[in-house]
Amino acid sequence: MVCIVSASAKRAQSPLTTSGTQPGPLPARLLARLRAICGERFVLTHPHDLRTYQSDGLLHYHVVPPVAVLPSCAREVRDVVRACHELQVPWVARGAGSGLSGGALPIANGVLLVLSRMRRVLEVDLPNQRVVVEPGVTNVAVTHAVAPAYFYPPDPSSQIVCSIGGNVAENSGGAHCFKYGFTTNYVTGLEVVLPDGAVVQLGAKQLDQPGYDLLGTFVGSEGTLGVATRITLRVIPAPEAVQTLVAFFADTRSAGLAVSAIVSAGLIPAAIEMMDALAIHASEQMAHAGWPSDAGAALLVELDGPKAACDASFGDLEELCRASGSTGVRVAGSPAERAVFWKMRKAAFPAAGRISPNYFVQDGVIPRTRLPDVLGRIEELAVEYRLRVANVFHAGDGNLHPLVCFDANVPGESQRAEELSGLILEACLEAGGSITGEHGVGVDKRAYMGKMFTPQDLAAFEMLRCAFDPDGLANPGKVMPTPRLCGEVPGPYRVHPLEAAGLAERF
Ligand SMILES: Cc1cc2nc3c(=O)[nH]c(=O)nc-3n(C[C@H](O)[C@H](O)[C@H](O)COP(=O)(O)OP(=O)(O)OC[C@H]3O[C@@H](n4cnc5c(N)ncnc54)[C@H](O)[C@@H]3O)c2cc1C
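Here's what I pulled together on the structure shown here. What you are looking at is a predicted structure, and each value in this text was computed from that prediction instead of being measured.

Looking at the overall build of the protein
Here is step 1: If you tally the helices and strands in the protein, you get 18 helices and 22 strands.
Here is step 2: Taking 2.2 N^0.38 as the reference for a compact globule, 507 residues should give roughly 23 Å; the C-alpha atoms of the protein span a radius of gyration of 23 Å, in line with that estimate.
Here is step 3: In terms of overall dimensions, the protein has a C-alpha envelope of 70 × 55 × 45 Å along the principal axes.
Here is step 4: Considering only residue pairs separated by 6 or more positions, the protein has 72% of its internal contacts joining residues 24 or more positions apart.
Here is step 5: Here the protein has roughly 20700 Å² of accessible surface; of this, 55% comes from carbon and sulfur atoms.
Here is step 6: Charged side chains of the protein number 42 positive and 50 negative; the gap between the two group centres comes to 6 Å.

Quick word on the environment of Ala474
Here is step 1: Considering the arrangement of structural elements, one finds Ala474 in the loop between helix 17 (455-468) and helix 18 (497-500).
Here is step 2: Its relative accessible area of 0% is what places Ala474 among the buried residues.
Here is step 3: Linking Ala474 and Ala261, residues 213 residues apart in sequence, is a C-alpha distance of 45 Å.
Here is step 4: Apart from residues no more than four positions distant in its own chain, Ala474 is found in contact with Trp91, Pro195, Gly223, Thr224, Leu225, Gly226, Arg465 and Asp469.

A short note on helix 11 (residues 307-323)
Here is step 1: Look at helix 11: 24 Å from first C-alpha to last across 17 residues, which is about the 24 Å you get at 1.5 Å a residue.
Here is step 2: Its maximal kink placed at Ser313, helix 11 deviates by approximately 25°.
Here is step 3: Residues of helix 11 that are buried include every one of Cys310, Phe314, Leu317, Leu320 and Cys321, and no others.
Here is step 4: Tucked into the core, helix 11 has its buried residues touching strand 13 (241-249), helix 9 (252-264), strand 15 (297-305) and strand 16 (328-331).

Topic: the packing of helix 9 against helix 14 (residues 371-385)
Each packed pair of helices is defined by two parameters, the angle between the axes and the distance between the axes.
Here is step 1: Contact pair helix 9 / helix 14: the axes reach a minimum separation of 9 Å and the direction vectors enclose 160°. In terms of their interaxial angle, helix 9 and helix 14 are classed as roughly antiparallel. Of the two elements, helix 9 crosses helix 14, and the hand of that crossing is right-handed. Contact with helix 9, carried on its side by Thr252, Arg253 and Leu257, involves Pro372, Asp373, Leu375 and Glu379 of helix 14 and no other residues of that element.
Here is step 2: A class-by-class count of the residues in the contact of helix 9 with helix 14 yields three nonpolar, one polar and three charged.

Let's talk about the packing of helix 10 (residues 277-287) against helix 12 (residues 335-346)
Here is step 1: Remark: helix 10 packs on helix 12, axes separated minimally by 8 Å, with the N-to-C direction vectors making an angle of 125°. Relative to helix 12, helix 10 is oriented oblique. By crossing handedness, the relation of helix 10 to helix 12 is classed as right-handed. Residue-level inspection shows Ile280, Ser283, Glu284, Met286 and Ala287 of helix 10 in contact with helix 12, the latter providing Val340, Lys343 and Met344.

A word on the site of the ligand
Here is step 1: The ligand sits among 34 residues. The nearest are Ala93, Ser98, Ser158, Ser163 and Ser172.
Here is step 2: Ser163 places a polar side-chain atom, nitrogen or oxygen, 2.6 Å from an oxygen atom of the ligand.
Here is step 3: Interatomic distance of 3.0 Å between a backbone N/O atom of Gly173 and a nitrogen atom of the ligand.
Here is step 4: Residue classes in the shell around the ligand are distributed as 12 nonpolar, 18 polar and four charged.

What counts, and at which threshold
- Residues numbered from 1 in each chain as written.
- Predicted model: local features only at pLDDT ≥ 70, side-chain atom pairs only at ≥ 80, totals over all residues.
- Heavy atoms only, no water.
- Helix = DSSP H or I, 4+ residues; strand = E, 2+ residues; numbered from the N terminus.
- Rg over C-alpha atoms; globule rule 2.2 N^0.38 Å.
- Contact = heavy atoms within 4.5 Å.
- Areas by Shrake-Rupley, 256 points an atom, 1.4 Å probe, with all protein chains shown as cover.
- Lys, Arg positive; Asp, Glu negative; His and termini not counted.
- Charge placed at Lys NZ, Arg CZ, Asp CG, Glu CD.
- Buried < 20%, exposed > 50% of the residue type's maximum accessible area, 1.4 Å probe, protein only.
- Expected span 1.5 Å × (residues − 1).
- Bend = angle between axes of the 7 residues up to and from the residue.
- Axes fitted to C-alpha atoms, helices over the stretch in contact; angles between N-to-C directions.
- Parallel < 35°, antiparallel > 145°, perpendicular 65-115°, else oblique.
- Left-handed = near helix turned anticlockwise from the far one by under 90°.
- Nonpolar A, V, L, I, M, F, W, Y, C, P; charged D, E, K, R; others polar.
- Near = heavy atom within 4 Å.
- Polar contact = N/O pair within 3.5 Å; in protein donor to acceptor, adjacent residues only side chain to side chain.

See below:
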């Protein structure tokens, strides 16, 4: 198995991860077809327009696509995909482009299929607790469509911009997934345009269809199996009461022990989020919550449910925090104060830009009980690499988001930051965790797939992918370590052309 090593020196040259690649020419008849399908105005070919789409949220990868097409409905998506299939042109689906793993990174010789015009809420069926939406609808708009009696629980911090189509493709999580589960627990049906242009229904409004779980397969497939054009979601009744507190600790180790104490006591908070001192310092500059400047860690915990149950458990929660060594507890006394607490947490990623010219957002998962060890290891690595790392994460799920701060203008610092990020992932794997909790593999982490999975596992993934997309047209170059052809099976060692060119290494 050949893996593209994520060292930036190689990344900069790799044809698979090319940055700033000039768009390749597409067949003129394809462009004519696209214009006939979507209208001249929604087929963008001017470099100024295309630069908007050159990256997703992971800005250090950029590829200007030769064309971006913005269909208005499922039929247009189908026709675009069919046209690409007929001419064997690859394509990449893009929602809001907020992904952090380069999943929606365009390809230099393909079509970028932008779904942001498809923003209609098609049906609100509260008696059956379902909402049917187009893929470009934002995450927060789903809750807005059913509030105040209902809500849609998976809540990525990017929820005001990210699209439901992107959430489905990434199986996105959020602060409230500890109690409520991830996107996959809320998608009951999908209409999908397959890479050959066929339109299929996976799942339905009702749960648990017979046969193979193709719906579950599609959720989290990062745009490599087709385009979701119509999404049926489960919504649930809004809780009667919500109570939120923030507990401060001297360090992340004691905050981590508090997490274990809360869970072991049988409490099921809606959310348990942790921020370390540097993350608090950064967020404070945006949210101005007035949290103590000497806090080594903050634990944001929210209980929800029937009021009587919330009231009964809230005292226990406060007590558990104090017994675990909390240096102070603040309870949100009003919805406005709760909003400020959450602003502190949700502003953490952008706030890192206030304390550092550049930063990588890392995303890994570990068993919750290993939090103190792995946070300790991250601290050691930060010292060794002479870089600052801010930690903000879904502590209940053991889903870490170290923000590795660096200054790209200081020679060697980007490389050190990248190496440090990689070692954090390795620490997650050593602790029995995973290379991604919710941001996906995309282009960024495919080099690590071989560290987490055996060649046999990867071959099985390839076969599944080929069952949906035998021609390899859907989001090629993403997720899997090397693009392989359908039917290719592991065989005797042969030097891969990328290896020969010095762009990849075998490990
Ligand atoms: C500040 C910030 C905070 C974030 N917080 C969180 C968080 O708490 N939890 C979390 O999980 N993520 C988080 N993210 C990451 C990101 O917002 C999510 O991954 C989100 O689901 C991406 O949605 P999008 O519409 O932007 O998708 P894009 O970035 O456009 O695309 C993501 C992937 O989905 C595919 N795709 C998009 N639409 C479709 C479709 N209709 N059919 C098939 N494939 C499709 C693309 O090809 C790509 O592979 C955060 C990002 C930022 C910038």
